[in-house]
Amino acid sequence: WECLQVAVELPQGWRPQGLVQGSLQREGSSRLLLCVMRQSKETAGPTLGWGGWRQGRLCQGEGEDGLGFCVATVGATEAAPSCVGDMADTHRDAGLKQAPAPRNEKAPVDFGYVGIDSILEQMRRKAMKQGFEFNIMVVGQSGLGKSTLINTLFKSKISRKSVQPTSEERIPKTIEIKSITHDIEEKGVRMKLTVIDTPGFGDHINNENCWQPIMKFINDQYEKYLQEEVNINRKKRIPDTRVHCCLYFIPATGHSLRPLDIEFMKRLSKVVNIVPVIAKADTLTLEERVHFKQRITADLLSNGIDVYPQKEFDEDSEDRLVNEKFREMIPFAVVGSDHEYQVNGKRILGRKTKWGTIEVENTTHCEFAYLRDLLIRTHMQNIKDITSSIHFEAYRVKRLNEGSSTVANGVEEKEPDAPEM
Amino acid sequence: MTRIHRKSVKKGFDFTLMVAGESGLGKSTLVNSLFLTDLYRDRKLLGAEERIMQTVEITKHAVDIEEKGVRLRLTIVDTPGFGDAVNNTECWKPVAEYIDQQFEQYFRDESGLNRKNIQDNRVHCCLYFISPFGHGLRPLDVEFMKALHQRVNIVPILAKADTLTPPEVDCKKRKIREEIERFGIKIYQFPDCDSDEDEDFKLQDQALKESIPFAVIGSNTVVEARGRRVRGRLYPWGIVEVENPGHCDFVKLRTMLVRTHMQDLKDVTRETHYENYRAQCIQSMTRLVVKERNRKDRSRN
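Each value, and the rule that gives it
- Residues numbered from 1 in each chain as written.
- Chains lettered and ligands numbered in written order.
- Predicted model: local features only at pLDDT ≥ 70, side-chain atom pairs only at ≥ 80, totals over all residues.
- Heavy atoms only, no water.
- Helix = DSSP H or I, 4+ residues; strand = E, 2+ residues; numbered from the N terminus.
- Rg over C-alpha atoms; globule rule 2.2 N^0.38 Å.
- Buried < 20%, exposed > 50% of the residue type's maximum accessible area, 1.4 Å probe, protein only.
- Pairing = 2+ DSSP bridges.
- Axes fitted to C-alpha atoms, helices over the stretch in contact; angles between N-to-C directions.
- 1 Å grid on protein atoms, 1.4 Å probe; cavity = no way out; pocket = protein on both sides within 12 Å on 5 of 7 lines; lining within 4 Å.
- Points joined across faces, edges and corners; volume = space filled by probe spheres on them.
- Nonpolar A, V, L, I, M, F, W, Y, C, P; charged D, E, K, R; others polar.
- UniProt positions renumbered as here; feature names shortened; annotations may be inferred.
- Contact = heavy atoms within 4.5 Å.
- Buried area = accessible area lost by both parts, 1.4 Å probe.
- Salt bridge = Lys/Arg side-chain N within 4 Å of Asp/Glu carboxyl O.
- Phe/Tyr/Trp six-rings, centres within 6.5 Å; stacked < 30°, edge-to-face > 60°.

**Quick look at the overall build of chain B**
Piece 1. Within chain B, the regular secondary structure consists of nine helices and nine strands.
Piece 2. For 301 residues, the compact-globule estimate of 2.2 N^0.38 gives 19 Å, and chain B sits close to it at 21 Å.
Piece 3. Principal-axis analysis of the C-alpha atoms gives chain B an extent of 85 × 55 × 40 Å.
Piece 4. Looking at chain B as a whole, 49% of its 301 residues are labelled buried.

Below you can see the structure in the form of structure tokens.
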């Protein structure tokens, strides 16, 4: 057996965490599987990541723990058909050019290698082909920067504002639910992003029950999914319109939560993942921000409101560790912007005032980057999982218990109850 | 002239200022900044739970300020709870009632026999705080101002203006001014300059009129900026100086309120708002009397 000499070039900003496991397989003529190193935010134990090499280009992928990673290009030659480079955990400096020396004497290890780990790559390829769906709802009074934040999060003009040519911001008489879907692509990964806006929420003099249309919408999406599920002839892929995440915008008053905030979050946290954010946080000094967050956390606790990431859904200690870090920061104090400025020779997204420029992605200025990482880079899959395996299941159980006349499983028809959800 | 002047100085001046708006818009901070006081030292902010039960209150804080031998008795009327509930229908009513009560009190005192020491508790000016987080006026803002503009001098304030970039400030101000006109809200009008005033004063006056609503930032903490100690707010990206006219309209507001237009605010209160109230009062009283008389006539016949 001959092992491959792997020259690994790291892109800027990526650090090798260690060669956890190496395995090279050649499939066809232009693909090589390589699992090498990952940049990890919080390492808590060994993790695996997989990537692919397509004709010398960099590939990104997802580790089995859900954390993103990056695979360096492999300058490999047409060589050994399959070689298990048994590269153990070794930490290397960045800019490593020489691969670990081939270990010819490790040939016997091959007999023990079945290749089940390649399932990860198969899943990844399938996911890449299918694309991802993500449905995010934004709730908050008008003018809190919801559209701007979404545009900043996904770096494209995808909010309701960009679709409507008129800039007239009128407050609708009743609360409307507006859904806009966009296809986003990045590095070969396609995402179908749906942003659900709720204009009119909290804007009126009397805001009693203004959460009801929103609750109804969320439950309607669960209902739609449930109906598809119980169909005799089911679609191969049920279109998922369920709201995965609800961003709730709290105005930066610096005092505490308002009664409206409590009423809304108390009810909605039971049916959807709520991520509260402090909007337009550039009016709070760091001290005020800390104090405000403490008040909010206390208010949430005393009202029994469990926001994402919910404590009760932490699966293991690793989860808990990662999630605790986020829970300490919630609610994120965010500032959004779709204007670019030149600061220190770099182009950054920011807000320019007479006393300084607020850099959106600078974590010493605001916590936008943490929110983005949570929502997109690390916890997106987890958010979707909790929606489907917990919130949706709870809805399903409730519905099936009441009995539904449209359940087509041979169950006798019953009168559907229309409960207060 | 000097004799009148000396007498007023001895007596001291009084001024009643009302601040209204949702909680969390920096009203208390601004009041403290304007008058360099610490009126709200012992204030306890309610938690969200307690606020659910809260109704609109009217509170008064009085403070005596003396500067260069001139004494000012300043009364701040606050409206905690305004606009904070889920259902804010008619939350302006307690405020309107309070203002009317002061008018009524004055009316009675004025008609009374002993008029030597009438206490003037009438509200001379109401600073209404508009949230910078909205897209201009909110429905509640419009309703409040329309209910109160015939009762008190309203000076609209664009609060927490440090969350806005300069173009955003301009845009919001324009929008608010336009909406004020569209909804027929009569805010306090600065009197036009006399033609014999000097140019500086005229320019200042013009600038004042065009600054409505005043975009303010308040602070009572002193920070170090560019080698000087200033009152401001310290952010990671820079320091906002409250008294820097390039940063906000705080100086304009203070000038207007304290240094140039305080007397006019009182005059307008006295000559317009109070007179309106008085006329209405007398009219309704007359109507009552006439009704009574007619009833008596009818029952007699």
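On we go.
**Focus on the sheet that holds strand β17 (residues 356-359) of chain A**
All names here are of chain A.
Piece 1. Judged by pairing direction, the sheet is antiparallel, and its three strands sit side by side in the order β15-β16-β17 without closing on themselves. Since the sheet does not close on itself, it has two edges, and those belong to β15 (340-343) and β17, each with one partner. On average, each strand axis in the sheet is inclined to that of its neighbour by 65 degrees, with strand direction left out of account.
Piece 2. Taken together, the four bridges between β15 and strand β16 (residues 346-353) define a ladder with antiparallel strand orientation. Bridge assignment links Q342 to a residue of β16, and that residue is R347.

**Here's the deal with empty space enclosed by the protein**
Piece 1. Tallied over the entire structure, the rule returns nine cavities of 30 Å³ or more.
Piece 2. Space inside the largest cavity adds up to approximately 220 Å³.
Piece 3. Q141 of chain A together with E22, G83, N88 and L140 of chain B are the residues nearest the centre of the largest cavity, which is lined by 21 residues in total.
Piece 4. Every element with two or more residues in the lining of the largest cavity is listed here: β4 (125-130) and α5 (139-148) of chain B.
Piece 5. Of all the elements, α5 of chain B adds the most residues to the lining of the largest cavity, at three residues.
Piece 6. Among the residues forming the lining of the largest cavity, the class breakdown is seven nonpolar, eight polar and six charged.

**Here's the deal with the UniProt feature "site: Important for dimerization" (unreviewed entry) in chain B**
Piece 1. The sites that carry the UniProt feature "site: Important for dimerization" (unreviewed entry) are, in the present numbering, F133 of chain B.
Piece 2. Topologically, F133 of chain B is positioned in the loop between β4 and α5.
Piece 3. Owing to a relative accessible area of 2%, F133 of chain B belongs among the buried residues under this scheme.
Piece 4. Not counting residues up to four positions away in its chain, the partners in contact with F133 of chain B are S142, G143, L144, P251, A252, K280 and T283 of chain A together with R138 and T163 of chain B.

**Structural notes on α5 of chain B**
All names here are of chain B.
Piece 1. For α5, a buried count of seven out of 10 residues is recorded, marking the element as mostly surrounded by other parts of the structure.
Piece 2. Regarding α5, the residues found buried are L140, D141, V142, F144, M145, A147 and L148.
Piece 3. Buried residues belonging to α5 abut β1 (13-20), α4 (93-111), β4 and β5 (154-158).

**Thoughts on the interface of chain A and chain B**
Piece 1. Tallying the contact residues gives 45 residues for chain A and 43 residues for chain B.
Piece 2. For the chain A and chain B pair, buried surface summed over both sides reaches about 4000 Å², with 56% attributable to carbon and sulfur atoms.
Piece 3. Inspection of the chain A/chain B interface yields two salt bridges.
Piece 4. The closest approach of N and O atoms between R351 of chain A and E168 of chain B, which form a salt bridge, is 2.6 Å.
Piece 5. Going through the elements one at a time, α5 (259-268), α6 (286-302), β16 and β17 of chain A are the ones with two or more residues in the side of chain A that touches chain B.
Piece 6. With five residues, α6 of chain A is the largest single contributor of residues to the side of chain A that touches chain B.

**A few points about the packing of aromatic side chains**
Residues and elements named next belong to chain A.
Piece 1. Throughout the structure, instances matching the rule amount to 16 aromatic pairs over all chains.
Piece 2. Taking the centre distance of 5.0 Å and the plane angle of 70 degrees together, the rings of F201 and F264 count as edge-to-face. Placement of F201 in the loop between β11 (189-197) and α4 (212-229) and of F264 in helix α5 is noted, with a sequence separation of 63 residues between them.
Piece 3. Of the residues examined, F201 reaches a relative accessible area of 1% and is grouped as buried.
Piece 4. Given a relative accessible area of 0%, F264 falls into the buried group.

**A look at unusual backbone geometry**
Piece 1. Each neighbour pair has its own omega, and for Y308 of chain A with P309 of chain A the value is -10 degrees, a cis peptide bond.
Piece 2. Position of P309 of chain A among the secondary structure elements: in the loop between α6 and α7 (317-329).
Piece 3. Geometrically, the link from I330 of chain A to P331 of chain A is a cis peptide bond, its omega value of 0 degrees lying close to zero.
Piece 4. We note that N209 of chain A has phi near 60 degrees; this positive angle belongs to a residue other than glycine.
Piece 5. When you line up the elements, N209 of chain A lands in the loop between β11 and α4.
Piece 6. On the basis of relative accessible area, N209 of chain A is assigned to the partly exposed category, the value being 37%.
Piece 7. The phi dihedral of K160 of chain B is positive, around 45 degrees, even though this residue is not glycine.
Piece 8. Relative to the elements of secondary structure, K160 of chain B occurs in the loop between β5 and α6 (166-182).
Piece 9. Under the relative-accessibility criterion, K160 of chain B is labelled buried at 14%.

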